[in-house]
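Topology and contacts: notes
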There are 2 protein chains.
Amino acid sequence: LSEGAGTDFGRAGLPWGVFTPLGSDRRRVGVAVRRQVLDAGAAAERLGAPGLEALRADSLDPLLAAGPDAWQRARAAVSRWVGEPPRQGLGDLLHPLESVRLDLPFTVADYVDFYSSEQHATNVGRLFRPDGDPLPANWRHLPAGYHGRAGTVVVSGTPVRRPRGLLPPAEPGRPPRLGATERLDVEVEVGFVVGVGSRLGEPVPVGAFAEHVFGVCLVNDWSARDIQAFESVPLGPFLGKAFATSVSAWVLPLQALAAARVPGRGPGAAVADYLVEDAPWGLDIALELAINGGVVSRPPFATMGWTAAQQLAHLTVGGAALRTGDLYASGTVSGPEPGQFGSLLEITAGGRTPLRLADGSPRRFLADGDEVEITGTAPGSGGERVVFGPVRGRVLPARG
Amino acid sequence: LSEGAGTDFGRAGLPWGVFTPLGSDRRRVGVAVRRQVLDAGAAAERLGAPGLEALRADSLDPLLAAGPDAWQRARAAVSRWVGEPPRQGLGDLLHPLESVRLDLPFTVADYVDFYSSEQHATNVGRLFRPDGDPLPANWRHLPAGYHGRAGTVVVSGTPVRRPRGLLPPAEPGRPPRLGATERLDVEVEVGFVVGVGSRLGEPVPVGAFAEHVFGVCLVNDWSARDIQAFESVPLGPFLGKAFATSVSAWVLPLQALAAARVPGRGPGAAVADYLVEDAPWGLDIALELAINGGVVSRPPFATMGWTAAQQLAHLTVGGAALRTGDLYASGTVSGPEPGQFGSLLEITAGGRTPLRLADGSPRRFLADGDEVEITGTAPGSGGERVVFGPVRGRVLPARG
């Protein structure tokens, strides 16, 4: 319940979410500031903020759909209300994070997962296709991706049950075994939330990214590596990824990340015109992956080979329409250095070199009861760090 | 506009859809009977049908969510109203199909596409992976599938714009080319519409199929083979399938297909317990694919290697939740005989042996302006054939 507890959100970020005060049954749109959440809808109503009807809702959906002008007005208003000095008379609308429940902040329309870290794609290619070129032939030419299951996107804090499925045969020629995954893994990712949709048949140019994407969250794309390995040729990942995808309860508006923008690292080859950015949308987000309270990896998002603007242009180049609430994730973030990998598959070299947790216990993959947390910060305005809401989840044992 | 025109729906089927009379702006739930559509919501209101509030809606969503008892009551009521003799006093609620617009009948939650025809998987394997075993190693052990794009599922009659995308390099070592697909294709499929959802983490047993699935539609899973070929290793089909997926405007309830049930053909190997059916859910649906009015193929659905009940059990075995409006398609239906293949890729052997249309013109893949239609019938009660609503679509030229 105290999902937001322990995070000091500062004033540079002001992420959006949906909360319910304990003891209430009404969801509200909120903004996290320091260790509190502001009831943004009630504040807008009390202060008569014009054009901000979208805040008086039980999800972010109306705000997402309202578009960039509304996003800027809403952020400007909240910034004034919680600024230095804060607007007087809002004290009763500020709830301690420990006293609220945080819900999935928007209705997920379609969910797409990209694959845009060169290091991750190379690491995985070496493990899954040891006899081939580790990097897929198309990787330097397009931001590869696939559709995931929107209906199993869950908010941070939701426990994740270890899935069962068909595991690879114990020896070649034998049938697969039905069982609980023995290779439950995390993937540290960054997610992008579409606000403004697009029309079927009309591509979204790479330069129109900020007209469509509202903001950024953190994502844990839980993965069952053995289920995935057996099922995924030729149609790609399916049930090995479909049992749960966790997102942070808080969505940072793009505007909060202006100071974090950096040139993309690039995919290592010249790209087609529709993928050429005229302004950089790489983001210098410092991520951390912790298991049972101890940090095990620090993936740097700035090392990604494709940016979210390029991903959006690619997703729509064939005319696929966007809808409010579309979520797309970056793909696992893995930097080039040891200690920067975004999955246990990579950290343990496919389970061959176990990780040692802070309490001394070894992990090849996740154990039942493990608590996984992904956190992130980025440069903000005025030198302050912008703080992402965490993505947390505890592993429940498989169904008996 | 006259999407339903030309089809005589008979009385054995009574499929559900959503229509708007021309000149009106209000969508209603309807049932197709003969060459008319009954305004089911208005009929229920007029006749005071108890417990059928779900019919007074602008989509099938409430009916889908209402569950099997409501589905049976609704079908029984409509059967009485339009039976022999028909209930008097409903004449003004019967609209000629030519005088209505048909809309997407339900809100698509998640869309999954399976791959359950052995002939199709083998045909495609030979073309895309000429050096390997044509049938993927997992095919006989599980109904392989992947998630598609729910937001680009469109109703029959919606024109489909030829997509652009990255096409394979003209010669090895060259970069891919951005261009309009040169290999636009159809896939003849049958779709299953989930009514009752399930809880995250709780598998749906194979025997619970009819407690969750409301009904059946026809699907054209438009495919751009060249885009697909370049993008799909290792993550599977993405933009080559995401520009449009067409569904029939009419959904036949499972109850209408009782006489069409046959044992599944099976995947050619012993399967895990969770995939063993206790009652057959193979369906003897006779499909036809026509281009520009001439039939080019007659795929028999009874030849599928995995049934829709097995697909649902597989989809949920890892705990993935279902939602009202989930749509899953069978995969391309291809029978073992010449003239039974469900895609041009197969009919023309990858474009090597052009098809000759009725007007004498050759086709390797679809040309701009081509009209594609998929139709189907199945055994119904009393010896009458059950008629599916058609899936139609015309190919528009690519954006300039």
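Cut-offs used in this document
- Residues numbered from 1 in each chain as written.
- Chains lettered and ligands numbered in written order.
- Predicted model: local features only at pLDDT ≥ 70, side-chain atom pairs only at ≥ 80, totals over all residues.
- Heavy atoms only, no water.
- Helix = DSSP H or I, 4+ residues; strand = E, 2+ residues; numbered from the N terminus.
- Rg over C-alpha atoms; globule rule 2.2 N^0.38 Å.
- Buried < 20%, exposed > 50% of the residue type's maximum accessible area, 1.4 Å probe, protein only.
- Contact = heavy atoms within 4.5 Å.
- Areas by Shrake-Rupley, 256 points an atom, 1.4 Å probe, with all protein chains shown as cover.
- Lys, Arg positive; Asp, Glu negative; His and termini not counted.
- Charge placed at Lys NZ, Arg CZ, Asp CG, Glu CD.
- Pairing = 2+ DSSP bridges.
- Axes fitted to C-alpha atoms, helices over the stretch in contact; angles between N-to-C directions.
- Least-squares fit on C-alpha atoms with pLDDT ≥ 70 in both.
- Phe/Tyr/Trp six-rings, centres within 6.5 Å; stacked < 30°, edge-to-face > 60°.
- Lys NZ or Arg CZ within 6 Å of the ring centre and 35° of its normal.
- Arc of directions from axis to C-beta.
- Polar contact = N/O pair within 3.5 Å; in protein donor to acceptor, adjacent residues only side chain to side chain.
- Buried area = accessible area lost by both parts, 1.4 Å probe.
- Salt bridge = Lys/Arg side-chain N within 4 Å of Asp/Glu carboxyl O.

**Some thoughts on the overall build of chain A**
When its secondary structure is counted, chain A shows nine helices and 27 strands. Relative to a compact globule of 400 residues, whose C-alpha radius of gyration would be 21 Å, chain A shows 21 Å and is just as compact. Counting only C-alpha atoms, chain A reaches 70 × 50 × 35 Å along its principal axes. Each of the 400 residues in chain A was classed as buried or not, and the buried ones make up 61%. Looking at chain A alone, contacts between residues at least 24 apart form 73% of all its contacts between residues at least 6 apart. Within the structure as shown, chain A displays about 14,100 Å² of accessible surface, and the carbon and sulfur contribution to it stands at 50%. Separation of charge centres in chain A, based on 38 positive and 42 negative side chains, amounts to 4 Å.

**What about the sheet that holds strand S5 (residues 100–103) of chain B?**
Sheets are built from strands paired through backbone hydrogen bonds, the pairs being either parallel or antiparallel. Residue and element names in this part refer to chain B. Strand order in the open sheet formed by five strands is S4-S3-S2-S1-S5, and the pairing between neighbours is antiparallel. Only two strands of the sheet have a single neighbouring strand rather than two, namely strand S4 (94–96) and S5. Taken over all neighbouring pairs, the strand axes of this sheet differ in orientation by 45° on average, direction set aside. The sheet contact formed by strand S1 (residues 16–21) and strand S2 (residues 28–33) spans four bridges and is antiparallel. Bridging from a neighbouring strand, Val18 pairs with Val29 of S2. Strands in contact with helix H1 (residues 40–47) are S1, S2 and strand S3 (36–39); relative to S3, the strand with the most contacts, it is inclined by about 45°. Lying over the sheet, helix H3 (residues 68–81) contacts S1, S2 and S3, oriented at roughly 55° with respect to S1.

**Brief notes about the relation of the copies chain B and chain A**
Mapping chain B onto chain A is achieved by rotating through 180° and translating by 0.0 Å along the same axis, at an RMSD of 0.0 Å. Both copies are brought into coincidence by an operation consistent with a two-fold rotation axis. Of the C-alpha atoms belonging to chain B, the one lying closest to the rotation axis is found on Gly236 of chain B, 2.0 Å away.

**Focus: the sheet that holds strand S2 (residues 28–33) of chain A**
Residue and element names in this part refer to chain A. Read from one edge of the open sheet, five strands run S4-S3-S2-S1-S5, paired in antiparallel fashion. At either end of the open sheet lies a strand with only one pairing partner, and these are strand S4 (94–96) and strand S5 (100–103). Within this sheet the neighbouring strands show an average axis-to-axis angle of 45°, counted without direction. Its contacts with the sheet place helix H1 (residues 40–47) against strand S1 (16–21), S2 and strand S3 (36–39), and it is angled at close to 45° to S3. Packing of helix H3 (residues 68–81) onto the sheet brings it into contact with S1, S2 and S3, and relative to S1 it is tilted by some 55°.

**Regarding helix H4 (residues 118–128) of chain A**
Every buried residue of H4 of chain A is listed here: Glu118, His120, Ala121, Thr122, Asn123, Val124 and Gly125 of chain A. Taken together, the buried residues of H4 of chain A touch helix H9 (344–347) of chain A.

**A short note on the pairing of strand S20 (residues 286–291) of chain A**
All names here are of chain A. Both S20 and strand S25 (residues 371–379) contribute to a ladder of six bridges, which runs antiparallel. Residue pairing for S25: Leu289 is matched across the bridge by Ile374. Where S20 lies against strand S21 (residues 294–297), three bridges are found, and the strand directions are antiparallel. Looking at the pairing, Leu289 lines up with Ser297 of S21.

**Describing the packing of aromatic side chains**
For the coordinates displayed, the defined rule picks out 16 aromatic pairs over all chains. Arranged with centres 5.8 Å apart and planes meeting at 80°, the rings of Phe114 of chain B and Tyr328 of chain B form a pair that is edge-to-face. Taken as a pair, Phe114 of chain B in strand S6 (residues 111–114) and Tyr328 of chain B in strand S22 (residues 327–329) lie far apart in primary sequence, 214 residues in all. The pair formed by Phe114 of chain B and Tyr328 of chain B is uniform in burial state, with each residue classed as buried. Of the aromatic side chains, those joined through ring pairs into one cluster are Phe114, Phe192, Phe209, Trp281, Phe301 and Tyr328 of chain A together with Phe238 of chain B. In this structure, Arg261 of chain A packs its charged tip against the face of Trp281 of chain A, placed 3.6 Å from the ring centre.

**Here's the deal with the environment of Ala65 of chain A**
All names here are of chain A. Tracing the sequence through the fold places Ala65 in helix H2 (residues 61–66). It is 5.3 Å that separates the C-alpha atoms of Ala65 and Val196, two residues lying 131 residues apart in sequence. Ignoring sequence-local partners within four residues, the contact set of Ala65 consists of Gly195, Val196 and Thr324.

**What to know about H1 of chain B**
Residues and elements named next belong to chain B. Within H1, the full set of buried residues consists of Ala40, Gly41, Ala43 and Ala44. Across the axial projection of H1, the buried residues extend over an arc of 165°, all falling on one side. Looking at the buried positions of H1, the neighbouring elements they touch are S1, S2, S3 and H3. Of the residues one or two after H1, Gly48 is the one with positive phi, at around 65°.

**Some thoughts on the side chain of Thr152 of chain B**
Summarising the element assignment, Thr152 of chain B is placed in the loop between strand S7 (145–148) and strand S8 (153–155). At 3.4 Å, the side chain of Thr152 of chain B and the backbone oxygen of Arg149 of chain B are in polar contact. Non-local contacts of Thr152 of chain B, meaning those with residues more than four positions away in its chain, are made with Leu200, Ala320 and Ala321 of chain A together with Ala242, Phe243, Ala244 and Thr245 of chain B.

**Re the interface of chain B and chain A**
How big an interface is tends to be reported as the loss of accessible area on association of its parts. On the side of chain A, 56 residues touch chain B, which itself brings 56 residues to the contact. Looking only at chain B, the three residues that lose the most surface to chain A are Arg149, Leu235 and Phe238 of chain B, adding up to 17% of its buried area. Connecting chain B to chain A are two salt bridges. Residues Asp326 of chain B and Arg149 of chain A are paired through a salt bridge, measuring 2.9 Å at the closest nitrogen-oxygen approach.

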